[in-house]
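# Structural characterization, general
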Amino acid sequence: MLHGLPPILDAEVRTLILGSFPSPASLAAQQYYGHRQNQFWRLLGALLGEPLPEFDYADRQRRLLRHGIGVWDVYRQCRRQGALDSAIQAPEVNDFSRLQTGAPRLRRVCFNGQTAGKLVRWFALRGYETYVLPSSSPAYTLAFASKLEKWRAAGLGATVDR
């Protein structure tokens, strides 16, 4: 059984981006979106006006939190061969009930891809604004500019430094 990563989260987070489960490269690096071809850090960097891909992981985390953005995954553990979401087996969902106390300002939940988006209803029923975004994975071949436009439409570029 593979185990996921701890969330990037604090009490000031207003937007949470949920992926499905870390890739083998991310698990090995112990970093969200650690595969060099994943476009996550490039997308958020463009949206926030920060050169996130150039920073070390600790600085990336600090900068996201400064913009009120958290990162986590829908699954806390699973079995999987390779990196594709379609290979995820026996997934166990993270305990999101702690968000109400751990991130009381959270209002928007964005799902990085369709697999993560399977939980959209659970979050919507709890009053969160929800968006299912095109995956930042290199396996999802939509052009970067199109992904960026759809991520921007979810309000991800509209965060304010605290």
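Because the structure is a prediction, the values reported are computed rather than measured.

### Quick word on the environment of R66
The topology assignment puts R66 in helix α3 (residues 57-66). With relative accessibility at 32%, the residue R66 sits in the partly exposed group. Taking the C-alpha atoms as reference points, R66 and D10, separated by 56 residues in sequence, lie 9.9 Å from one another.

### Structural notes on the packing of helix α2 (residues 40-48) against α3
At a closest axis distance of 12 Å, the pairing of α2 and α3 adopts a crossing angle of 45 degrees. Between α2 and α3, the interaxial angle falls into the category oblique. Every pair of crossing elements has a handedness; the one defined by α2 and α3 is left-handed. Between α2 and α3, the contacting residues are W41, L44 and L48 on the first element and Y57, R60 and L64 on the second.

### Re the nonpolar core
Grouped together as the largest cluster of nonpolar side chains are 45 residues, with contacts concentrated most on L18, L44, L99, F123 and W151. Those elements giving two or more residues to this core turn out to be β2 (15-19), α2, α3, β3 (69-73), β4 (75-79), β6 (108-112) and α6 (144-153). When residues of this core are assigned to their parent elements, the largest contribution, six residues, is made by α2. Once residues lying within four places of it in the same chain are set aside, the contact partners of L44 are I17, L52, L64, I69 and W151.

### Re the side chain of R63
Relative to the elements of secondary structure, R63 occurs in helix α3. In this view, R63 contacts E50, L52 and F55; residues no more than four positions away in its chain are not counted.

### As for the packing of aromatic side chains
Inspection of every chain in the model, using the stated rule, returns eleven aromatic pairs. With 6.1 Å between their ring centres and 50 degrees between their planes, F96 and W122 make a pair best called tilted. Here W122 lies in helix α5 (residues 120-124) and F96 lies in the loop between β5 (89-93) and α4 (99-102), a separation of 26 residues in the sequence. On the accessibility criterion, F96 (4% relative accessible area) is buried. Judged by relative accessible area, W122 falls into the partly exposed class, the value being 31%. Ring pairs connect the aromatic residues Y32, Y33, F40, W41, Y57 and W151, which therefore count as one cluster. Sitting above the plane of the F144 ring, R42 keeps its charged end 3.7 Å from the centroid.

### Looking at the pattern of salt bridges
According to the stated counting rule, one finds seven salt bridges in the structure shown. With a shortest N-O distance of 2.6 Å, R105 and E12 are connected by a salt bridge. With a gap of 93 residues between them, R105 in the loop between α4 and β6 and E12 in the loop between β1 (2-3) and β2 connect regions that are remote in the sequence. Classification of R105 by relative accessible area gives partly exposed; the value is 38%. With a shortest N-O distance of 3.8 Å, R108 and E129 are connected by a salt bridge. Here E129 lies in strand β7 (residues 129-133) and R108 lies in strand β6, a separation of 21 residues in the sequence.

### Some thoughts on the packing of α2 against α6
The contact between α2 and α6 brings their axes to 10 Å, and the two run at 55 degrees. On the basis of the axis angle, α2 is oblique to α6. Remark: the crossing between α2 and α6 carries right-handed chirality. Of the residues in α6, those touching α2 at F40, R42, L43, L44, A46 and L47 are F144, K147, L148, W151 and R152. In terms of residue class, the contact of α2 with α6 is made up of eight nonpolar, no polar and three charged.

Thresholds applied
Residues numbered from 1 in each chain as written. Predicted model: local features only at pLDDT ≥ 70, side-chain atom pairs only at ≥ 80, totals over all residues. Heavy atoms only, no water. Helix = DSSP H or I, 4+ residues; strand = E, 2+ residues; numbered from the N terminus. Buried < 20%, exposed > 50% of the residue type's maximum accessible area, 1.4 Å probe, protein only. Axes fitted to C-alpha atoms, helices over the stretch in contact; angles between N-to-C directions. Parallel < 35°, antiparallel > 145°, perpendicular 65-115°, else oblique. Left-handed = near helix turned anticlockwise from the far one by under 90°. Contact = heavy atoms within 4.5 Å. Core = buried A, V, L, I, M, F, W, Y, C linked by side-chain atoms within 4.5 Å. Phe/Tyr/Trp six-rings, centres within 6.5 Å; stacked < 30°, edge-to-face > 60°. Lys NZ or Arg CZ within 6 Å of the ring centre and 35° of its normal. Salt bridge = Lys/Arg side-chain N within 4 Å of Asp/Glu carboxyl O. Nonpolar A, V, L, I, M, F, W, Y, C, P; charged D, E, K, R; others polar.

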